[in-house]
Amino acid sequence: MGAMMRGGDLLLLLLALAGGCAGEQQAATQSVPLYNAAVPGLQMPFMGLGTGSYGAPGESWSEDDAEMAATAFLKSGGRRIDGALSYKGQAGIGLALFKSGVPRSELFLTSKIPLSGYNETLKNVDLALAELNTTYVDLLLVHTACPNKKLIDPICRPPKGTPHTACRLSVWRAMEVVFKSGKAKAIGVSNYVARHIQEILNNTDMLVPSVNQVEFQPYHHDDELATFCKQHNITFNTYAPLTTPDWAPVKRHWPLKRGVLDEPVMLQIAKTHNKTSAQVALRWAIQQDMVVNPRSKNAEHMQECVDVFDFELSSDDMKSIGMIKPPPGSDGRVCGDPYKCE
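Procedures and definitions
- Residues numbered from 1 in each chain as written.
- Predicted model: local features only at pLDDT ≥ 70, side-chain atom pairs only at ≥ 80, totals over all residues.
- Heavy atoms only, no water.
- Buried < 20%, exposed > 50% of the residue type's maximum accessible area, 1.4 Å probe, protein only.
- Helix = DSSP H or I, 4+ residues; strand = E, 2+ residues; numbered from the N terminus.
- Contact = heavy atoms within 4.5 Å.
- Disulfide = S-S within 2.5 Å.
- Pairing = 2+ DSSP bridges.
- Right-handed = clockwise from strand over helix to strand, strands pointing away.
- Salt bridge = Lys/Arg side-chain N within 4 Å of Asp/Glu carboxyl O.

**Things to note about helix H7 (residues 194–201)**
Piece 1. For H7, every residue scored as buried is listed here: His 196, Ile 197, Glu 199, Ile 200 and Leu 201.
Piece 2. Where H7 is buried, its residues touch strand E6 (139–147), helix H6 (165–181), strand E7 (187–190), strand E8 (211–215) and helix H8 (223–231).

**Describing the state of the cysteines**
Piece 1. Per the stated rule, a full pass over the model turns up 2 disulfides.
Piece 2. The side chain of Cys 146 participates in a disulfide bridge whose partner is Cys 341; the two sulfur atoms lie 1.8 Å from each other. The sign of the -110° torsion about the S-S bond sets the Cys 146-Cys 341 disulfide as left-handed. Of this pair, Cys 146 sits in strand E6 while Cys 341 sits in the segment after helix H13 (315–322), and the two are 195 residues apart along the sequence.
Piece 3. Exposure remark for Cys 341: the relative accessible area of 4% places this residue in the buried category.
Piece 4. With a sulfur-sulfur separation of 2.0 Å, Cys 156 is cross-linked through a disulfide to Cys 167.

**Details of the pairing of strand E5 (residues 108–115)**
Piece 1. Across the 8 residues of E5, 7 count as buried, placing the element largely inside the fold.
Piece 2. In terms of strand pairing, strand E4 (residues 80–82) meets E5 through 3 bridges, oriented parallel. Across the sheet, residue Ile 81 finds its bridge partner in E5, namely Leu 109.
Piece 3. Each parallel crossover has a hand, and the one from E4 via helix H4 (residues 90–100) to E5 is right-handed.
Piece 4. Bridging between E5 and E6 involves 5 bridges; their strand directions are parallel. Bridge pairing in E6 places Lys 112 opposite Leu 141.

**Some words on the pattern of salt bridges**
Piece 1. A full pass over the atoms with the stated rule returns 16 salt bridges.
Piece 2. A salt bridge links Glu 199 to Arg 168, with the nearest nitrogen and oxygen atoms 2.8 Å apart. Within this pair, whereas Glu 199 is found in helix H7, its partner Arg 168 is found in helix H6, the two being separated by 31 residues in sequence.
Piece 3. Overlapping salt bridges, with partners in common, bring together Arg 173, Glu 176 and Asp 205 in one network.

**Re unusual backbone geometry**
Piece 1. For Ala 240, which is not glycine, the phi dihedral falls at a positive 55°.
Piece 2. Within the secondary structure layout, Ala 240 lies in the loop between strand E9 (235–239) and helix H9 (248–252).
Piece 3. For Asn 274, which is not a glycine, the phi torsion comes out positive at approximately 55°.
Piece 4. Note that Asn 274 resides in the loop between helix H10 (264–273) and helix H11 (277–286).

In structure tokens, the structure reads:
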């Protein structure tokens, strides 16, 4: 990806090739190629539907919630849906996909499984596929660099203070088996920082992850990690790109009702482009060659999310958003700190 065009240039070229006036579904499926541990030619849509709760009290989606959201997202033109074994809603996603009638070949499904040892990884993959009612996922991710506390694999329970390197590598070996079996068209990681990924890179016989899914939004953006991933052709997939405005300000005691979306800088840039601040936040990530997973159960908000391919932020806009400071006393994160995973 180091030699790739900027996200904005790439998107404008794609739109031009489509006649300069792509329809909603065409826009919603603008995509980037995946590299490394991915089948040749696999494309990942920039826009996806996030279905996680981010730990919000009482906010875990039920199967009905997930089915409703996935159905609305598909109607909006979206084609990439991000799930996980721990989200408890994947069966609903699978049902929505079945009822939609959209050909499987047009969909991009992501699932995530816990870091739980070699054999458990193979079992969890089959559980995820059964929930989604599919024979393969387009992208399978290791959900976190920290082991599942309920696991029984001894290799993933080293003495306190010892890095979980052996556990992570054993899980990645299992992920390679899954990839080669065809149950996943691409494999990657989530909530991994550079040193976690470097463990894989140090083993030259191992496949390099195709994707790293990490929290990245104006209040909190790990630019060094993003650069590291780009240097290794690892596509950067952002979650919580809007700082989860439905609940995070309350939990984090942020002064603004909707978090970063109410920041004056965001509102002013949105007004300039005749867009919403949510669309501006998404566009800011996309123009950094990042694919995004906004979460919503609101059909109108979903339509906003897919309607971000007809404008481009200026370099000044990009810099201004990148300089937004998190609320006093906060590091700006919505979710946990992956650097704490030993």
